[in-house]
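Chain residues, written in single-letter form:
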Amino acid sequence: MEVNAHFTENAKNDFQLVLKAREGNQKAYADLMHRYKDSIYFMVLKMVNNKEDAMDLTVETFAKAFEKLDKYQPDFAFSTWLFRVATNNCIDFIRKKKLHTQSIHGMLDEDGDEIPLQIKSDVLNPEETSIKKQRTEELKLLIDSLPPRYRNLITLRYFDEQSYEEIAQQLDLPLGTVKAQLFRARYLLGNIINRYNKDDI
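Residues numbered from 1 in each chain as written. Predicted model: local features only at pLDDT ≥ 70, side-chain atom pairs only at ≥ 80, totals over all residues. Heavy atoms only, no water.

A. Spotlight on the packing of helix 2 (residues 26-48) against helix 3 (residues 51-67). Viewed as axis vectors pointing N to C, helix 2 and helix 3 meet at an angle of 135°, and their least axial separation amounts to 8 Å. Between helix 2 and helix 3, the crossing angle belongs to the class labelled oblique. When the axes of helix 2 and helix 3 are compared, the crossing they make is right-handed. Along its contact with helix 2, which presents Tyr 29, Leu 32, Met 33, Tyr 36, Lys 37, Ile 40, Tyr 41, Val 44, Leu 45 and Val 48, the element helix 3 presents Lys 51, Asp 53, Ala 54, Met 55, Leu 57, Thr 58, Thr 61, Phe 62 and Phe 66. (Axes fitted to C-alpha atoms, helices over the stretch in contact; angles between N-to-C directions. Helix = DSSP H or I, 4+ residues; strand = E, 2+ residues; numbered from the N terminus. Parallel < 35°, antiparallel > 145°, perpendicular 65-115°, else oblique. Left-handed = near helix turned anticlockwise from the far one by under 90°. Contact = heavy atoms within 4.5 Å.)

Put into structure tokens, the structure is as follows:
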């Protein structure tokens with residue numbers, strides 16, 4: 001595979017890490033993530049203007065990039081490609097958020113009467129309920145394979161639906177520590193889920 005002749009040393013090093021990651025080298029994945037997680041996070045934060053969303057979207061960016069690593073071509077630096085993945089991910093997120101937050105209040109007809117809204121039911125049919133329950137149970141089994149502190153954080157955040165602040169208070173930890181450990185927990189869980197899905201095929 002021909003590498004762009006104008007690549008900097010950093011870009012060449014990144015490409016070597018990409019090749020190792022494609023072969024399943026976990027350290028190469030970790031090195032790539034370590035190099036770019038801060039710059040991706042701050043770029044995403046500028047776009048979404050919310051720290052929790054930015055943290056989640058940063059993790060999603062790496063998950064999507066690592067999933068599509070075979071599609072990366074060294075015509076551009078890995079960092080350029082990664083930032084494009086992050087940007088597209090943010091645009092999708094912002095678009096979906098706008099759809100979800102469209103106001104349902106103050107909609108009036110020509111006579112000034114409020115228009116009743118037909119909102120689709122969120123109730124799942126029995127088959128969907130069964131599938132969702134099965135997936136939740138499978139996910140809990142995967143979470144159980146995490147180290148205890150990460151398992152606890154994932155449970156509090158995603159099953160008990162607590163905020164970062166509530167978790168920090170409950171565990172008597174600094175807010176930054178909670179966010180950093182949740183970041184690591186989601187990364188580990190993502191790797192476990194990917195391996196689980198591959199084993200399932």
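Now that the structure is up, let's keep going.
B. Highlighting a positive patch on the surface. Together, Lys 64, Lys 68, Lys 71 and Lys 96 make up a region of like positive charge exposed at the surface. Looking at where Lys 96 falls in the secondary structure, it is placed in helix 4 (residues 78-100). Of the residues examined, Lys 96 reaches a relative accessible area of 54% and is grouped as exposed. (Patch = residues over 30% accessible without salt bridge, like charges linked within 9 Å, V, L, I, M, F, W, Y side chains within 5 Å. Areas by Shrake-Rupley, 256 points an atom, 1.4 Å probe, with all protein chains shown as cover. Salt bridge = Lys/Arg side-chain N within 4 Å of Asp/Glu carboxyl O. Lys, Arg positive; Asp, Glu negative; His and termini not counted. Charge placed at Lys NZ, Arg CZ, Asp CG, Glu CD. Buried < 20%, exposed > 50% of the residue type's maximum accessible area, 1.4 Å probe, protein only.)

C. Local environment of the layout of surface pockets. One number sums up the size of the second largest pocket: a volume of about 250 Å³. If you trace the second largest pocket, you find it lined by Ala 30, Met 33, His 34, Lys 37, Asp 38, Tyr 41, Met 55, Ala 180, Phe 183, Arg 184 and Tyr 187. Looking at the lining of the second largest pocket, the elements that each hand over two or more residues are helix 2 and helix 8 (175-200). It is helix 2 that contributes the most residues to the lining of the second largest pocket, six residues altogether. For the lining of the second largest pocket, the per-class residue count stands at seven nonpolar, one polar and three charged. (1 Å grid on protein atoms, 1.4 Å probe; cavity = no way out; pocket = protein on both sides within 12 Å on 5 of 7 lines; lining within 4 Å. Points joined across faces, edges and corners; volume = space filled by probe spheres on them. Nonpolar A, V, L, I, M, F, W, Y, C, P; charged D, E, K, R; others polar.)

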